[in-house]
Amino acid sequence: MTRKIGYARAHTNIALIKYWGKKDHELFLPMNSSLSLTLDAFYTDTQVIFDSSFAEDTLTINGELQPSDEINGLVRFLNVIREKEQTDLKAHVISHNIVPTAAGLASSASAYAALTGAIAQAFNWQLDHQALSRIARRGSGSATRSLFGGFVEWEMGVDDETSQAIPIDDAQWDIGMLVMILTRQKKDISSRVGMQHTVETSPFYTNWVETAAQDLKQMKAAIYRQDFQTVGELTEHSAMKMHATTFSANPPFFYFEPETIHAIRIIQALRKQGHHIYYTLDAGPNLKVLGKRSELESVRQALLEHYSSDQLILTQAGPGMRQLSADEWASLYPTREEDTSHDH
Ligand code: DP6
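Residues numbered from 1 in each chain as written. Predicted model: local features only at pLDDT ≥ 70, side-chain atom pairs only at ≥ 80, totals over all residues. Heavy atoms only, no water.

Observations concerning the site of the ligand
Counted only if it meets this: It suffices for a single heavy atom of a residue to lie within 4 Å of a molecule or strand for the residue to be listed as near it. Polar contact criterion, stated in full: a pair of N or O atoms within 3.5 Å, where within protein one must be able to donate a hydrogen and the other to accept it, and residues adjacent in sequence count only if both atoms are side-chain atoms. Bear in mind that the domain bounds are from an automatic or database domain assignment.
Near the ligand lie 17 residues; those nearest to it are Y19, K22, S140, S142 and R192. Here an oxygen atom of the ligand sits 2.6 Å away from a polar atom, N or O, in the side chain of Y19. Interatomic distance of 2.7 Å between a side-chain N/O atom of R192 and an oxygen atom of the ligand. Counting only domains with at least three residues in the shell around the ligand, you end up with domain 1 (3–171 + 324–332) and domain 2 (176–315).

See the structure below:
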């Protein structure tokens, strides 16, 4: 019997310069380089078990076995791994998404970064985080960046070997993020489908690609000089340009809900009053507000006039992927049948 087990934790990340569009769907090579901030408050812990007695791949999230017709993406990723490892072992993946509330912010970024770390431990790969980022990329583009903490660039590269994450700055300065949970509605167009549709149909898409390159350059310069205002302005601009490609797609679509616009108005008003804050949003209606860490608590207080405290999650820069020991896992997630069973 062959049995290989690994464990890892990875935090989610929010892009300040967005990734939006693929030029290679098989390899997940993006149309533009992107840059994100890894967040402290949201992460995924994952155990992977490869076992010769398993008949199929399975995925359990927060104790719930996922329907087999909803794990195609995972199976596809595991096939990439099996090909690399020259094995046909099936895997059971057990994940726990840690979010401060039922925020609906479970992300494919932390999921595939943690899974990649767990797989590396299971097969005893001696690879650095950059090499692992190239593997995580095959599961979900944004996962590439979750291998590292702080500000991270995903360099688009030209092929499988060059499209990878680069740590830019540990973000241990006066910068943080306030996540606003505006609606728990599930998104109906995934980022994967949405980005593809805009690449194919938005006349603005070429502008997106061209300006993203300039924005990234300016963003890195601003991070190096810890110029918060420029980081914030570029963040907001990148997000709105990305969303403009969805409004201009044919047929059009968008991730904004009425609550999103309402929240943007509130952020703009607070900014007028002197708060140093900027917003961004991804393939869903919730807002992420970039601010100075030292000031975000007072921003949260101001927002409490409009929102309940469980809708407002304060967070700061988080760390990169870390492999866990079996003991750590056991103390975090006391034994469940799934974790220990030796299938017969
Ligand atoms: C809007 O990484 O979820 O969050 O590569 O198809 O899995 P796939 O897409 P995904 O897209 C993320 C898009 C985004 C911007 C970003 O995170 O850079």
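Focus on the domain arrangement of the protein chain
Definition in use: We call two residues contacting when some pair of their heavy atoms lies within 4.5 Å. The rule for a salt bridge is simple: a side-chain nitrogen of Lys or Arg has to be within 4 Å of a carboxyl oxygen of Asp or Glu. Here a helix means four or more residues in a row that DSSP labels H or I, a strand means two or more in a row labelled E, and each is numbered from the N terminus. Ten residue types, Ala, Val, Leu, Ile, Met, Phe, Trp, Tyr, Cys and Pro, are classed as nonpolar, four, Asp, Glu, Lys and Arg, as charged, and the remainder, Gly among them, as polar.
Per the domain assignment, the segments of the protein chain are domain 1 (3–171 + 324–332) and domain 2 (176–315). For domain 1 versus domain 2, the separation of C-alpha centres amounts to 24 Å. Facing 33 residues of domain 1, the contacting portion of domain 2 comprises 40 residues. Our count for the contact surface shared by domain 1 and domain 2 stands at two salt bridges. At the surface where domain 1 touches domain 2, the tally comes to 13 residue pairs in polar contact (both at pLDDT 80 or more). Listing elements by their share of the side of domain 1 that touches domain 2, those giving two or more residues are β1 (3–17), β4 (34–51), β8 (151–155) and β9 (164–169). Ranked by the residues each element gives to the side of domain 1 that touches domain 2, the list is headed by β4, at seven residues. For the side of domain 1 that touches domain 2, the residue count by class is 20 nonpolar, eight polar and five charged.

Considering the sheet that holds strand β10 (residues 176–180)
Going by this rule: When DSSP finds at least two bridges between two strands, those strands are taken to pair. As a rule, the C-alpha atoms of each element are fitted with a line to give its axis, helices using only the stretch in contact, and angles between N-to-C directions run from 0 to 180 degrees.
Strand order in the open sheet formed by four strands is β11-β12-β10-β13, with antiparallel pairing between adjacent strands. The sheet terminates laterally at β11 (277–280) and β13 (312–315), the two strands that pair on one side only. Mean inter-strand twist for the sheet, computed between neighbouring axes without regard to direction, equals 25°. Running at roughly 25° to β11, helix α6 (residues 228–247) makes contact with β11 and β12 (287–291) of the sheet. Running over the sheet, helix α7 (residues 258–272) touches β10, β11 and β12 and is turned about 160° from β11.

With respect to the pairing of β10
Applied cut-off: Here's how the labels work: a residue is buried when its accessible area is under 20% of the maximum for its type, exposed when over 50%, partly exposed in between, all with a 1.4 Å probe on protein chains only.
The buried fraction of β10 is high, at five of five residues. Alternating residues of β10 divide into G176, L178 and M180 and M177 and V179, and every residue in both groups is buried. Where β10 lies against β12, five bridges are found, and the strand directions are antiparallel. For L178, the partnering residue across the bridge sits in β12 and is V289.

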